[in-house]
Amino acid sequence: MAGETVITIVGNLTADPELRTTRDGGAVANFSIAATPRVYDRQSQQWVDGDVLFLRCTAWRDLAEHCANSLAKGMRVIAQGRLQQRSYQAQDGSQRTVIELQVDEIGPSLRYATAQVTRADSQRSTRPRPTGQREDAPATDPWAADRATLSGAGRFAADRPATDPWSDADGEF
């Protein structure tokens, strides 16, 4: 996606994510992240809080539902996405412009907390299964893999197309 402004922000949620449904039935979650930089004050020789950046964020579809089910006010999160500018007419008739973060990835910050990750069941049957994941892998283990396919020198040979220009004559690395 050339030309888009991708940023990562670390901060605290100012409220619980607000989950809504669009007219077409899609899920959208809206929330704000407050990022407060720490700045060293040479006069007092102490670290102090800098100016707070409040950034409106939007997550769509499965990510929106996961945000609403997993995140809460005050949680420290790491979010990555694309900055987008949007203009609208306010109720008083004035034109307004806002900059929002269209969230692509988000999760809790583990700097001051711990988290227990569970795999979410997807509503979409077209989602590809991660390479090496077994059909019978437990739904609560997102990193489950068939250990047998991960051992040996040719562990990825079955995943490569037959016309792989990087493989040697015997099909191994």
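It should be emphasised that the depicted structure is a prediction, and the values quoted were computed from it without experimental measurement.

Peer 1: Help me get a handle on the environment of Ala120, residues and values and all.
Peer 2: Position of Ala120 among the secondary structure elements: in the segment after strand 8 (95-108). Between the alpha carbons of Ala120 and Asp62 there is a distance of 9.2 Å; along the sequence they are 58 residues apart.

Peer 1: Summarise the packing of aromatic side chains; cite the residues concerned and give the values.
Peer 2: All told, the structure shown has one aromatic pair when counted by the stated rule. Taking 5.4 Å as the distance between ring centres and 65° as the angle between the ring planes, the aromatic pair formed by Tyr40 and Trp47 counts as edge-to-face. What makes Trp47 exposed here is its relative accessible area of 52%.

Peer 1: How would you explain the pairing of strand 6 (residues 53-60) if you had to name every residue and give the values?
Peer 2: Bridge analysis of strand 3 (residues 27-35) against strand 6 gives eight bridges, and the strand direction is antiparallel. Counterpart to Ala29 in the pairing with strand 6 is Ala59. Strand direction decides the pairing type here: strand 6 and strand 8, joined by three bridges, are parallel. Bridge pairing in strand 8 links Thr58 to Gln102.

Peer 1: Break down unusual backbone geometry for me, with residues and values.
Peer 2: Its identity as a non-glycine residue notwithstanding, Gln45 has a phi of 55°, on the positive side. Along the chain, the position of Gln45 falls in the loop between strand 4 (38-41) and strand 5 (46-49). Overall, the relative accessible area of 60% leaves Gln45 in the exposed class. Non-glycine residue Arg61 carries a positive phi angle of around 55°. Inspection of the secondary structure assignment puts Arg61 in helix 1 (residues 61-70).

What counts, and at which threshold
Residues numbered from 1 in each chain as written. Predicted model: local features only at pLDDT ≥ 70, side-chain atom pairs only at ≥ 80, totals over all residues. Heavy atoms only, no water. Helix = DSSP H or I, 4+ residues; strand = E, 2+ residues; numbered from the N terminus. Phe/Tyr/Trp six-rings, centres within 6.5 Å; stacked < 30°, edge-to-face > 60°. Buried < 20%, exposed > 50% of the residue type's maximum accessible area, 1.4 Å probe, protein only. Pairing = 2+ DSSP bridges.

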